[in-house]
Amino acid sequence: MIGTGILKGMAVTARNFVGSYFEKDRLITVQYPEERTPLAENYRNFPFLIYDTDDAEAGLRCVACKICEKECPPQCIYIIKSEDKKPDYMGKPQFYPAVFDIDISVCMSCQICVEVCPFEAIKMDKVFELSRRERFDALLQRKRELSKSNTYYHSICPTEAAEVDAKLAEAAAKKKPTPPPAAGSAPAAEPTPAPVI
Amino acid sequence: MSATIQTLEPAAEQPTRLPPQMTSRLDGELLEVSMGPQHPSTHGVFRMNVALEGEIVRKLKPVFGYLHRNHEKIGENTSYLGSMPYTDRLDYFCSMTNNWAYALSVEKLAGIEVPERAEYLRVILAELTRLQNHASLLGFLLSDMGAWGTPLMYAFREREKILDLFESLSGSRMMCDYMRFGGCRVDAGVDWMKLAKKIVDFFPRFLDEFENLIVENEILIARTQEVGKLSAELAINAGITGPMLRACGVNYDIRKVDGYGFYPRFKFRVPLGEHGDTYDRLMMRVLEMRESIGILKQAFEQIPAGPVMNPKVKIRAFRPPVGEAYGRIEGPKGELGFYLISDGGTNPYRYRVRPPSFINLTVLEDLCLGHTVADVMVILGSVDIVMGEVDR
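Since we're looking at a predicted model, the values are computed, not measured.

## Details of the overall build of chain B
Here is step 1: A count of helical and extended segments in chain B gives 15 helices and eight strands.
Here is step 2: Computed over the C-alpha atoms, the radius of gyration of chain B is 22 Å, within 12% of the 21 Å expected from 2.2 N^0.38 for a compact globule of 392 residues.
Here is step 3: For chain B, the spread of C-alpha atoms along the principal axes amounts to about 70 × 50 × 35 Å.
Here is step 4: Residue burial in chain B is summarised as follows: out of 392 residues, 50% are buried.
Here is step 5: In chain B, the proportion of contacts linking residues at least 24 apart, taken out of those at least 6 apart, comes to 71%.

## What to know about the interface of chain B and chain A
Here is step 1: Contact with chain B, which involves 34 residues of that partner, is made by 27 residues of chain A.
Here is step 2: Contributing elements (two or more residues each) for the side of chain B that touches chain A: helix H2 (83-88), helix H5 (150-170), helix H6 (190-214) and helix H7 (218-224) of chain B.
Here is step 3: Examining the composition of the side of chain B that touches chain A, we find that nine residues originate from one element, H5 of chain B, more than from any other.
Here is step 4: Residues that form the side of chain B that touches chain A fall into these classes: 14 nonpolar, ten polar and ten charged.

## Side note on the nonpolar core
Here is step 1: The biggest cluster of nonpolar side chains holds 129 residues, and the ones touching the most others in it are Leu49 of chain A together with Ile124 of chain B.
Here is step 2: Here the element with the most residues in this core is helix H4 (residues 116-145) of chain B; it accounts for 15 residues.
Here is step 3: For Leu49 of chain A, the contacting residues outside a window of four places in its chain are Leu60, Cys62, Phe100, Ala121, Ile122, Leu146 and Ser147 of chain A.

## Topic: the packing of H4 of chain B against helix H14 (residues 373-383) of chain B
Residues and elements named next belong to chain B.
Here is step 1: Two elements in contact, H4 and H14, have axes separated by 9 Å at closest approach and are oriented at 175°. Taken together, the axes of H4 and H14 are roughly antiparallel relative to one another. Contacts between H4 and H14 pair Phe140, Leu141, Asp144 and Met145 from the former with Met377, Val378, Gly381 and Ser382 from the latter.

## A few points about the domain arrangement of chain A
Here is step 1: Each domain of chain A was delimited in the assignment, giving domain 1 (1-36) and domain 2 (47-175).
Here is step 2: Each of domain 1 of chain A and domain 2 of chain A has a C-alpha centre, and the two are 46 Å apart.

## Thoughts on the environment of Met108 of chain A
Here is step 1: Secondary-structure assignment places Met108 of chain A in the loop between strand S5 (97-103) and helix H3 (112-116).
Here is step 2: When the C-alpha positions of Met108 of chain A and Asp125 of chain A are compared, they lie 13 Å apart, and in sequence the two are 17 residues distant.
Here is step 3: Apart from the residues lying within four places of it in its own chain, the contact partners of Met108 of chain A are Pro74 of chain A together with Pro85 and Met175 of chain B.

## Focus: the sheet that holds strand S6 (residues 122-124) of chain A
Residues and elements named next belong to chain A.
Here is step 1: Taken together, three strands build an open sheet; the order of strands is S6-S1-S8 and the sheet is mixed. Strands at the two margins of the open sheet, each flanked by one partner only, are S6 and strand S8 (147-149). Averaged over all neighbouring strand pairs, the angle between strand axes comes to 50°, with direction disregarded.
Here is step 2: Sheet topology places strand S1 (residues 47-51) next to S6; three bridges connect them, and they run antiparallel. Each residue of the ladder has a partner; that of Pro47, found in S6, is Met124.

## Notes on H5 of chain B
Here is step 1: In this model H5 of chain B runs 30 Å from its N-terminal to its C-terminal C-alpha over 21 residues, within 8% of the 30 Å that 1.5 Å per residue would give.
Here is step 2: In the segment just after H5 of chain B, Gly171 of chain B is the residue with positive phi, at about 105°.

## Regarding H6 of chain B
Here is step 1: Over its 25 residues, H6 of chain B runs 36 Å from end to end, which matches the ideal 36 Å to within 8%, given 1.5 Å per residue.
Here is step 2: Residue Phe202 of chain B marks the point of greatest curvature in H6 of chain B, where the axis turns by about 25°; the proline Pro204 of chain B follows within four residues.
Here is step 3: Of the residues making up H6 of chain B, those classed as buried are Ala196, Val200, Phe203, Phe206, Phe210, Leu213 and Ile214 of chain B.
Here is step 4: Considering only its buried residues, H6 of chain B is in contact with helix H1 (4-22) of chain A together with H4, H5, H7 and helix H11 (278-302) of chain B.

Parameters at a glance
- Residues numbered from 1 in each chain as written.
- Chains lettered and ligands numbered in written order.
- Predicted model: local features only at pLDDT ≥ 70, side-chain atom pairs only at ≥ 80, totals over all residues.
- Helix = DSSP H or I, 4+ residues; strand = E, 2+ residues; numbered from the N terminus.
- Rg over C-alpha atoms; globule rule 2.2 N^0.38 Å.
- Buried ≥ 20, exposed ≤ 12 C-beta atoms within 10 Å, placed from the backbone.
- Contact = placed C-beta atoms within 7 Å.
- Nonpolar A, V, L, I, M, F, W, Y, C, P; charged D, E, K, R; others polar.
- Core = buried A, V, L, I, M, F, W, Y, C linked by C-beta atoms within 7 Å.
- Axes fitted to C-alpha atoms, helices over the stretch in contact; angles between N-to-C directions.
- Parallel < 35°, antiparallel > 145°, perpendicular 65-115°, else oblique.
- Domains from an automatic or database assignment.
- Pairing = 2+ DSSP bridges.
- Expected span 1.5 Å × (residues − 1).
- Bend = angle between axes of the 7 residues up to and from the residue.

Structure representation (structure tokens):
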């Protein structure tokens, strides 16, 4: 009979409408600015630089090796290497970035800088409300704005941060017979296998 | 690239292209309409120069290139790894399958082995991609037909769940950048697998409802059956692939033909159409989703534990040997292939994409001739294009 197909479809619509009041599977949206769904731990958006201890300048892990600048597919990282050296977390004198800029408008959050970094110095952040009022200067994130503490890293990615700390502590123990206490606010992490990157 | 109105000739000069039941109503005078590039149902910035006789399409010329962003040249100027995130942006609905096709061709080029668990993960992610691509395509198609909102929202609701899975695994909903040469970037945990199983188990309920909503709907049948018929001969000659080819009754599925990945280990059927019209193309997607669910269930049972990345592969300064390779997969839209020529350096010498949407779009004129303007939108929707892939 003509019209039965349409009536069947309307039954589906009615079931979905009523169901949206009772079943979470049928209504999965939230009222965004007021309600937020928790972000997945793997969620990534825009990189940041990690520093140990409390000093954003002295504790920066980055040694300005420029690998991320070279590997970045859209070429959004700009680094100038320092003239002098400062001691890193193992006490070894290292270069540091005099300038480290990332352009928000160019970065596509692909995570390749994190994968290629041999010093665990750059990690992915979870901020996504990155809109800015101005077009030019505000879009270029400088070293000061990019630097975030290891504590912050632990707060956004606890599992991964613990793995990274364990790896760094292991490397420090190999280099020195008496290792300094693990950098930052590293909680006691059981030895986990290195993350597959 | 730019087609001007003047290039369209009146239909009187080509009487053989007119279907016999159509008579010339306006003494051969054609009205030329430029549909697009900003048209809500062109699925992106896509323009069609249409010559109309009354409401009937007599000529159609697709114009594209508005979204061209030099993908292939960028691929030749970045490292092999650096192209991976760019492949996400080709067909932004199916970044996982794009990643896989590119990884497959690089693996062929350099002869890289992939661990077993990674192969299974790839199959799982590709089939999840197929589910969400087909679901959203059906929603868009019905939206093109005038069923505003309802089917699209139902489809997007299911797609949302799959995108959340992608996000929790790879870090991003659409720009996954998940696969690497020789495996996958991160392993899927136990919780992820449980959640994925739950979503896949729930998916048939959505399909049942969606079929109830559309399959017998009289309006949908009137709009799609016998509209945009594609013959098997033309489909083969024009190089059409994917669900669009199978809707014409040609049994050609690269998952079966090439048996890439671990697809030979799975039992699944290839649904075939009979008439090659829009209705068949639409139903092809529904049936393929059912088969995908079967593959996913088998994969969840069979997936072994183990590493997901080949430890021998260097991510940085990756230099494959001199040679060339073409890796292709059955993407949700058709055959997606990457052709790479290596000169031994860190960048490919030549990087070429064989996009399914672009090649499937080439027969658009043949599908649309003799139909009304309103049908053009439906036919275009059933071709399943994404402009990111057409223009590259």
